[in-house]
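Structural overview
Listed below are the residues making up each chain.
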Amino acid sequence: MSAVGNVQSATEVEDDDEEAPGLWESFGAALRLIVGWFSIAIGILNLLVELDRGSAADGAYLLFHAMLLVGGVLMVSLAWIAARPGVAGWSAGGGVLAAGMLASGVPASDALCCLSAYAVRHGYPFSFAARDADGGRWHVDSQHLLADLLFWGYAGLIVLVVVALARRATHHHEARE
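Scope of this entry: the structure provided in the associated data block. (Residues numbered from 1 in each chain as written. Predicted model: local features only at pLDDT ≥ 70, side-chain atom pairs only at ≥ 80, totals over all residues. Heavy atoms only, no water.)

**Focus on the sheet that holds strand β4 (residues 138-140)**
What counts is decided by this rule: When DSSP finds two or more bridges between a pair of strands, those strands are recorded as paired. Strands are runs of DSSP state E lasting at least 2 residues, helices are runs of H or I lasting at least 4, and numbering of each runs from the N terminus.
Overall, antiparallel pairing links the 4 strands, which are arranged β1-β2-β3-β4 in an open sheet. Edge positions in the open sheet fall to β1 (108-109) and β4, since each of these has one partner strand only. Pairing analysis gives 2 bridges linking β1 to strand β2 (residues 120-122), with the strands arranged antiparallel. Bridge pairing in β2 places A108 opposite H122.

**Quick look at the layout of surface pockets**
Left-over empty space is what a probe sized like a water molecule reveals as it rolls over the atoms. Operational definition: Method remark: on a 1 Å grid restricted to protein atoms, a set of points is classed as a cavity if a 1.4 Å probe fits but cannot get out and as a pocket if it is open with protein on both sides within 12 Å along at least five of seven lines; lining residues have an atom within 4 Å of a point. Grid points are joined across faces, edges and corners, and a volume is the space filled by probe spheres set on the points. Note on residue classes: Ala, Val, Leu, Ile, Met, Phe, Trp, Tyr, Cys and Pro are nonpolar, Asp, Glu, Lys and Arg are charged, and everything else, Gly too, is polar.
Considered as a void within the structure, the second largest pocket measures approximately 200 Å³ in volume. Lining the second largest pocket are 13 residues; nearest its centre among them are L97, G153, Y154, G156 and L157. Contributions of two or more residues to the lining of the second largest pocket are made by α4 (86-105) and α5 (142-176). The biggest single contributor to the lining of the second largest pocket is α5, with 8 residues. Along the lines of polarity and charge, the residues of the lining of the second largest pocket split into 9 nonpolar, 4 polar and no charged.

Any functional reading would require information beyond the geometric quantities listed.
Pasting the structure below:
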């Protein structure tokens, strides 16, 4: 048995009428695992560093790295969870991503981090857009935008997995009746 499941020879796969994963499926799984393990490592390291600061710790920074850790664990364990989210799960997950970005990006925030040279900042957990007080000059920080997309994407992934698990539980319940 391997880390990705049972190992079978090519003749056994043909006999079971199952197809071996193709190049793109394998690439997608490898990319998912790389992103997941990277998120776990960065989440743990930055949580430890920030928690060492004690009462001076930034709440948004802690929340971001806790989400990074949880999202990374979900990315690594998706094959084990065997989530089949369906349309409802994908819609809920994508909705959380879009709603989170809009809800955090539209109103002005008083975030301690990022783009402090501008009077009005937008975005959570990191300010990714900012403008002058008179509304003239705007600035978008691409790195913080990507970090916020990752944060809200992982929040959407959590919702997607919850919907998939609820869907699986209801299917098992319906099958028993």
